[in-house]
Protein chains: 2
Amino acid sequence: MCALRRIKLIVSYDGTNYCGWQKQPNGVTIEEVLNKAASSLCGEEIEVIGASRTDSGVHAFGNVAVFDTDMKMDAGKFAFALNQRLPDDIRIQESYEVEKKWHPRKCDCIKTYIYRILNRKINIPTERLYAHFCYFRLDIDKMNEAAGYFIGTHDFTSFCSQKTQAQSPVRTIHLLEVLKDDDMITIAISGDGFLYNMIRIIAGTLIKVGMGVYPPSYIKEIFAAKNRRLAGQTMPAKGLTLVEIEYMD
Amino acid sequence: MCALRRIKLIVSYDGTNYCGWQKQPNGVTIEEVLNKAASSLCGEEIEVIGASRTDSGVHAFGNVAVFDTDMKMDAGKFAFALNQRLPDDIRIQESYEVEKKWHPRKCDCIKTYIYRILNRKINIPTERLYAHFCYFRLDIDKMNEAAGYFIGTHDFTSFCSQKTQAQSPVRTIHLLEVLKDDDMITIAISGDGFLYNMIRIIAGTLIKVGMGVYPPSYIKEIFAAKNRRLAGQTMPAKGLTLVEIEYMD
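Quantities reported herein were computed from a predicted structural model and do not represent experimental measurements. (Residues numbered from 1 in each chain as written. Chains lettered and ligands numbered in written order. Predicted model: local features only at pLDDT ≥ 70, side-chain atom pairs only at ≥ 80, totals over all residues. Heavy atoms only, no water.)

Overview of the overall build of chain A
Now for step 1: Within chain A one finds 5 helices and 10 strands.
Now for step 2: Computed over the C-alpha atoms, the radius of gyration of chain A is 19 Å, within 12% of the 18 Å expected from 2.2 N^0.38 for a compact globule of 249 residues.
Now for step 3: For chain A, the spread of C-alpha atoms along the principal axes amounts to about 60 × 40 × 30 Å.
Now for step 4: Out of the 249 residues in chain A, the part that is buried amounts to 55%.
Now for step 5: Total accessible area on chain A is roughly 11,600 Å²; 49% of this is exposed by carbon and sulfur atoms. (Helix = DSSP H or I, 4+ residues; strand = E, 2+ residues; numbered from the N terminus. Rg over C-alpha atoms; globule rule 2.2 N^0.38 Å. Buried < 20%, exposed > 50% of the residue type's maximum accessible area, 1.4 Å probe, protein only. Areas by Shrake-Rupley, 256 points an atom, 1.4 Å probe, with all protein chains shown as cover.)

Rendered as structure tokens:
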């Protein structure tokens, strides 16, 4: 019952057609499709363990997963062999062997996400599944000023869905910046972990600042109130992409 | 039977789910969906006339169409009103009134297309519908050197599908350049018109140069031979986007 080795995968996907990462009864999930491909490849019953259980519609460039197998194949080749068995909206970017005890959710890491907002009068069809469309002109300078208040270690109760199962609402944000390239605004955020819906609520709050509804300094008051209702709304999943998970060990 | 005014539309679309622009029996086309939306808006039987009859799977940011109507509405508002009646993979970017005799295929213009190639070891799922994936490393400098041979007025018989209905194989290319941003290679091409599959065959030929199969100067020989078989293959439609049509009058 104890497989010989643990393989780590860097997993990218277009989340549009999936009910998120985690197995569930109502629809097809990334985890399920990966389990099926790995089981077929290895000829064993395989269950992957994912680092980040992204929501329905969220995309990833570099989510991380591991699985255990007895299969004797050059570790780097698992990526190519799994891609042969996966639909084209899921691609394994890399595969390595890691220590048997290495766990993608139990090691210190920094996760980087981006939230993309297409800010123009009319949406662009080829971006509609990968960015949130916003008609109202957003002020990037104000959004960046507001972003500064999020950096550091805070109690994120106001920026978290009430459905969270986390034991502590305290998280550390290392980087939060708002970039603009033509009509596309990208919010880039790095931290050691995020509460449920936290990035999508931060994006919704920054949009309210960009629209002039909140002054940038109002972020301090939202933190202090520890009240979800003061923050902006939870932005749609399709704008969110998990870019990278960098492990400390 | 003679409608009062002619409205010009700038039309963008994600071509993934359409059998191209032009009405046909085998599947849904952009033209058909536009006709239905415009007829429903104006309460008349409307048939749009398109500038560029893009192939199945080709995308557009700025295709052009016109239609005639008796409807008395501020011309700029047709864009918004039509978008209410269109699926989200087609968006009208702008609408204007033009002279009744203005025809999008009978006026001098410069058309600009891009062909996108994702050049890396493994595809990125969110780009899979909007770029051609190429595993072999492409040499951009060689591709740009080859691109130079296309500029100007030439007989493009070698770079044209034999299915073409054009009377003359002579066309003028004003600009052809190959740009690189990280793993994404973009071939940008402007000209006064293109033969059937011409850009996708030029892209296939530049890819062969980039792979080192052809030296850049071989383009001269391909032109001289007037033989389709010497050029590269017709690249997939999904990499191609019609960016803009600029009219001279």
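A word on the domain arrangement of chain A
Residue and element names in this part refer to chain A.
Now for step 1: As assigned here, chain A comprises domain 1 (5-98) and domain 2 (109-247).
Now for step 2: With centres defined by C-alpha atoms, the gap from domain 1 to domain 2 works out at 27 Å.
Now for step 3: Tallying the contact residues gives 16 residues for domain 1 and 16 residues for domain 2.
Now for step 4: The interface formed by domain 1 and domain 2 holds 1 salt bridge in total.
Now for step 5: The salt bridge involving D55 is made with R200; its shortest N-O contact spans 3.1 Å. (Domains from an automatic or database assignment. Contact = heavy atoms within 4.5 Å. Salt bridge = Lys/Arg side-chain N within 4 Å of Asp/Glu carboxyl O.)

Observations regarding the relation of the copies chain A and chain B
Now for step 1: By a simple turn and slide, chain A fits onto chain B: the slide is 0.0 Å along the axis, the RMSD is 0.0 Å, and the turn is 180°. These values place the two chain copies in the arrangement generated by a two-fold rotation axis.
Now for step 2: Take the interface residues of chain A: 100% of them recur as interface residues in chain B, which is what a same-surface contact looks like. (Least-squares fit on C-alpha atoms with pLDDT ≥ 70 in both.)

A closer look at the side chain of R228(B)
Residues and elements named next belong to chain B.
Now for step 1: Inspection of the secondary structure assignment puts R228 in the loop between α5 (218-225) and β10 (240-247).
Now for step 2: Of the buried charged residues, R228 lacks a salt bridge, with D55 as the closest side chain of opposite charge at 12 Å.
Now for step 3: A distance of 3.0 Å separates a polar atom in the side chain of R228 from the backbone oxygen of G232.
Now for step 4: Discounting chain neighbours no more than four positions away, the residues touching R228 are T157, S158, C160, Q162, I201, Q233 and T234. (Lys, Arg positive; Asp, Glu negative; His and termini not counted. Polar contact = N/O pair within 3.5 Å; in protein donor to acceptor, adjacent residues only side chain to side chain.)

Topic: the UniProt feature "active site" (unreviewed entry) in chain A
Residues and elements named next belong to chain A.
Now for step 1: The residues that UniProt annotates with the feature "active site" (unreviewed entry) are D55.
Now for step 2: When you line up the elements, D55 lands in the loop between β2 (49-50) and β3 (59-69).
Now for step 3: Apart from the residues within four sequence positions on either side, D55 is in contact with G20, Y196, N197 and R200. (UniProt positions renumbered as here; feature names shortened; annotations may be inferred.)

Concerning a nonpolar patch on the surface
Now for step 1: Together, F80(A), Y135(B), F136(B), M211(B) and V213(B) make up a nonpolar patch on the protein surface, roughly 480 Å² of accessible area in all.
Now for step 2: Within the element layout of this structure, Y135(B) appears in the loop between β6 (132-134) and α3 (140-148). (Patch = residues over 30% accessible without salt bridge, like charges linked within 9 Å, V, L, I, M, F, W, Y side chains within 5 Å.)

Thoughts on unusual backbone geometry
Now for step 1: Even without a glycine there, the phi angle at N197(A) is positive, about 65°.
Now for step 2: Note on placement: N197(A) falls in the loop between β9 (184-191) and α4 (198-210).
Now for step 3: Given the relative accessible area of 14%, N197(A) is considered buried.
Now for step 4: Its identity as a non-glycine residue notwithstanding, D182(B) has a phi of 60°, on the positive side.
Now for step 5: Secondary-structure assignment places D182(B) in the loop between β8 (170-181) and β9 (184-191).
Now for step 6: Residue class for D182(B) comes out exposed when judged on its relative accessible area of 63%.

Section: the UniProt feature "binding site: substrate" (unreviewed entry) in chain A
Residues and elements named next belong to chain A.
Now for step 1: Those residues carrying the UniProt feature "binding site: substrate" (unreviewed entry) are Y113 in this numbering.
Now for step 2: Considering the arrangement of structural elements, one finds Y113 in strand β5 (residues 109-119).
Now for step 3: Judged by its relative accessible area of 8%, Y113 falls in the buried class.
Now for step 4: For Y113, the contacting residues outside a window of four places in its chain are S52, I187, A188, I189, F194, I199, L240, T241, L242 and V243.
Now for step 5: Looking at Y113, its side chain comes within polar contact range of the side chain of S52, at 2.8 Å.

Regarding the pattern of salt bridges
Residue and element names in this part refer to chain A.
Now for step 1: Counted according to the given criterion, the structure contains 20 salt bridges over all chains.
Now for step 2: For E47, the salt bridge goes to K23, with nearest N and O atoms at 3.9 Å. Within this pair, whereas E47 is found in the loop between α1 (30-42) and β2, its partner K23 is found in the loop between β1 (5-13) and α1, the two being separated by 24 residues in sequence.
Now for step 3: Taking relative accessible area as the criterion, E47 reaches 54% and is therefore assigned exposed.

Structural notes on the environment of F156(B)
All names here are of chain B.
Now for step 1: In this fold, F156 is placed in the loop between β7 (152-155) and β8.
Now for step 2: With a relative accessible area of 0%, F156 lands in the buried category.
Now for step 3: The sequence separation of F156 and E31 amounts to 125 residues, and the corresponding C-alpha distance is 28 Å.
Now for step 4: If we skip the residues at most four places from it in the chain, F156 touches F150, P169, R171, I173, L195, M198, I202 and F223.

Comments concerning the packing of helix α3 (residues 140-148) of chain A against α4(A)
Residues and elements named next belong to chain A.
Now for step 1: Closest axis-to-axis distance for the α3/α4 pair is 8 Å, and the angle between their directions is 135°. Overall, the two elements α3 and α4 adopt an arrangement that is oblique. Here α3 runs over α4; the crossing is right-handed. Judged by residue contacts, K142, M143, A146 and A147 of α3 engage L206, I207, V209 and G210 from α4.
Now for step 2: Considered class by class, the residues forming the contact of α3 with α4 number 6 nonpolar, 1 polar and 1 charged. (Axes fitted to C-alpha atoms, helices over the stretch in contact; angles between N-to-C directions. Parallel < 35°, antiparallel > 145°, perpendicular 65-115°, else oblique. Left-handed = near helix turned anticlockwise from the far one by under 90°. Nonpolar A, V, L, I, M, F, W, Y, C, P; charged D, E, K, R; others polar.)

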